[in-house]
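A structural walkthrough
The residues making up each chain are set out below.
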Amino acid sequence: MNDVSLIAENARLKAQLAETEAALAESREAQERLEKMVRQMQREKFAARSEKLSPDQFNLPLEELAIAEGMLAAAREKAEAALKGKTPGAEKPPRKRNRGHLPPHLPRIERVIEPKSTLCPCGCGEMTKIGEDVSERLDVVPAQLRVLVTRRPRYACRHCSGGVAQAHAPEHVVPGGLPTEALIAQVIVSKFGDHLPLYRQADIYKRQGIQLDRGTLGNWVGRAAFHLKPVIEHMREHLRNADRIFVDETRAPVLEPGNGATRSGYFWAVVSDDRGHSGTGPPIVVFHYAPGRGEVHARTFLENYRGRYLQSDGYGVYDKLAEIDRPEGRWQLVHCWTHVRRRFVKRFESDASPIAEEMLRQIALLYRIEASVRGQAPEIRLAARRANAAPIIEKLKPWLEAQLSKVSAKSQLATDIAYTLGLWTGLTRFLEDGRLELDTNPVENLIRPIALTRKNALFAGNDVGAENWAMLASLVATCKLNGVNPFNYIHQTLRAILDGHPSVSATPTPF
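If you're wondering where the values come from, they're calculated on a predicted model, not measured in any experiment. (Residues numbered from 1 in each chain as written. Predicted model: local features only at pLDDT ≥ 70, side-chain atom pairs only at ≥ 80, totals over all residues. Heavy atoms only, no water.)

With that settled, consider the nonpolar core. Core analysis: the biggest nonpolar cluster contains 71 residues, and I188, W268, F287, L321 and I490 have the highest contact counts within it. Tallying contributions element by element places helix 14 (residues 463-481) first for this core, with 11 residues. Discounting residues that sit within four places of it in the chain, I490 has contacts with A185, I188, V189, L228, L475 and V476. Core analysis: the second largest hydrophobic core is formed by 32 residues, I417, L421, L431 and L438 among them. (Core = buried A, V, L, I, M, F, W, Y, C linked by side-chain atoms within 4.5 Å. Buried < 20%, exposed > 50% of the residue type's maximum accessible area, 1.4 Å probe, protein only. Helix = DSSP H or I, 4+ residues; strand = E, 2+ residues; numbered from the N terminus. Contact = heavy atoms within 4.5 Å.)

Within this structure, the stated rule accounts for 25 salt bridges. Put simply, R108 and E136 hold a salt bridge, and the shortest N to O gap is 3.2 Å. Taken together, the positions of R108 in the loop between helix 2 (59-84) and strand 1 (154-156) and E136 in the loop between helix 2 and strand 1 put the pair 28 residues apart, joining distant regions of the chain. Take E136: its relative accessible area is 19%, and that puts it in the buried class. Residues R495 and E181 are paired through a salt bridge, measuring 2.7 Å at the closest nitrogen-oxygen approach. Of this pair, R495 sits in helix 15 (residues 486-498) while E181 sits in helix 3 (residues 181-192), and the two are 314 residues apart along the sequence. For E181, a relative accessible area of 5% puts it in the buried group. Where salt bridges share partners, they join E233, R236, E237, R240 and R306 into one cluster. (Salt bridge = Lys/Arg side-chain N within 4 Å of Asp/Glu carboxyl O.)

So, on to the packing of helix 8 (residues 337-351) against helix 11 (residues 412-422). Remark: helix 8 packs on helix 11, axes separated minimally by 10 Å, with the N-to-C direction vectors making an angle of 165°. Compared by their axis directions, helix 8 and helix 11 come out roughly antiparallel. The handedness of the crossing between helix 8 and helix 11 comes out as left-handed. Contacts from H339, V340, R343, F344 and R347 in helix 8 reach Q412, L413, T415, D416, I417, Y419 and T420 in helix 11. Residues belonging to the contact of helix 8 with helix 11 are distributed by class as follows: 5 nonpolar, 4 polar and 3 charged. (Axes fitted to C-alpha atoms, helices over the stretch in contact; angles between N-to-C directions. Parallel < 35°, antiparallel > 145°, perpendicular 65-115°, else oblique. Left-handed = near helix turned anticlockwise from the far one by under 90°. Nonpolar A, V, L, I, M, F, W, Y, C, P; charged D, E, K, R; others polar.)

Low pLDDT means the predicted coordinates in that region are not meant to be read closely. Summarising the model, the protein chain shows a mean pLDDT of 81, and 78% of its residues fall at 70 or more. Element-level mean pLDDT values for the protein chain span from 56 in helix 2 up to 94 in helix 12 (residues 424-427). Segment residues 46-65 is flagged for pLDDT under 50; beyond a separation of four residues in sequence, or across chains, it makes 29 contacts in the model. Across residues 504-508 the pLDDT falls below 50, and counting only partners more than four positions away or on other chains, this stretch makes 12 contacts in the model. (pLDDT = per-residue confidence, 0-100.)

See the structure below:
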């Protein structure tokens with residue numbers, strides 16, 4: 001090898017070494033970022049190991065973690081390829097093919113990648129196909145707006161003036177306006193199901209050359225809410241007949257006219273969900289907007305409810321509701337073990353209290369019993385509770401009373417124990433009826449999406465807007481509870497109403 005060749009080879013090796021070192025540095029940097037994110041999430045999110053937390057609460061950190069993992073994987077592949085002196089992705093070990101993993105209803109666009117030559121390298125001529133490798137990858141065509149052109153031909157007789165024939169123009173949610181019912185359904189689901197405020201949706205349409213301000217979108221949503229009111233009332237009637245309901249509330253900021261500030265209204269969620277005891281009734285949630293959180297508001301929307309059990313947290317308003325004489329009898333309160341558990345989790349985290357630790361251990365036993373009979377018939381659940389949970393409950397109350405006498409009356413632990421004992425009747429009512437649950441998780445899980453929408457939209461423009469928000473959020477959430485596509489349901493229901501079927505009995509229901 002001459003000097004020129006040696007110099008060229010030396011330069012190539014140096015370049016390859018530099019590329020390898022750079023790839024390794026990228027890999028190390030990506031791994032360090034990933035480890036840092038994991039440590040941070042462990043500190044901030046997973047300290048309370050006994051709490052079940054909604055994935056929605058951690059969506060942003062988890063997304064960033066997934067991105068960091070992807071970067072690390074790509075950096076490692078690049079580093080490995082550089083070490084081997086190959087192009088990344090040029091050769092990879094055989095993988096398990098993914099055919100059949102993607103839904104069959106999706107359209108398939110096939111492409112065939114032929115080798116550069118199918119001639120035998122030995123000179124035998126054209127080679128014969130003996131098989132193929134097939135893989136499926138998920139592709140996307142960005143959402144595309146289209147224009148629906150409606151033509152209504154007019155017909156007249158050439159021989160007389162008997163009249164003109166023309167089909168009637170179909171009714172629309174926005175008479176003479178731009179949107180179809182499908183577009184309005186998309187706006188509603190994006191806002192109340194995917195937590196995408198109207199101004200952000202307007203920006204999305206702008207990227208496709210459609211100028212729509214959020215006021216216009218809001219007008220469409222309000223008109224749709226007007227037409228959908230009978231459906232929501234139909235859902236309320238189902239709830240009024242439920243023997244047991246869950247109730248919770250969350251803040252709903254509403255813009256104060258005149259001064260630009262906001263005041264606090266509230267969304268009250270009422271839920272019926274019998275899936276925990278294999279009930280056949282459809283799960284339903286209805287949100288009620290009220291300008292406050294007082295007893296008067298709860299009494300107003302619960303006035304016509306005929307149920308027996310009201311499952312809630314320890315908010316004092318519900319205690320007052322249980323004192324009201326009704327034709328069906330007074331409400332029987334069922335309180336929430338999750339709220340009790342949260343208090344003792346905090347005590348254990350802050351003080352390492354052995355009393356709190358033991359309380360958490362006993363609550364975990366109760367939930368273990370519940371997990372073993374979840375989804376079974378009420379009589380099976382009740383029998384298991386009386387056989388296994390009742391002995392735990394029987395010993396737990398005197399133990400708590402004994403601990404209360406040992407700790408300082410001014411301590412937070414004493415407050416938490418007193419809180420638990422004060423709700424004891426409601427906390428132990430699950431031993432009376434197999435249809436009851438240990439907690440209010442069914443309603444709390446449905447409150448969280450409201451909070452996400454509130455976080456993105458900040459506030460409702462007025463009381464009417466908040467009422468529409470509550471109504472449409474009820475419809476979208478109930479569709480999701482029942483495994484119904486909310487876009488399809490709202491689109492079809494609006495179309496059915498506009499086609500002359502305004503009664504709820506003639507429109508499809510989400511359950």
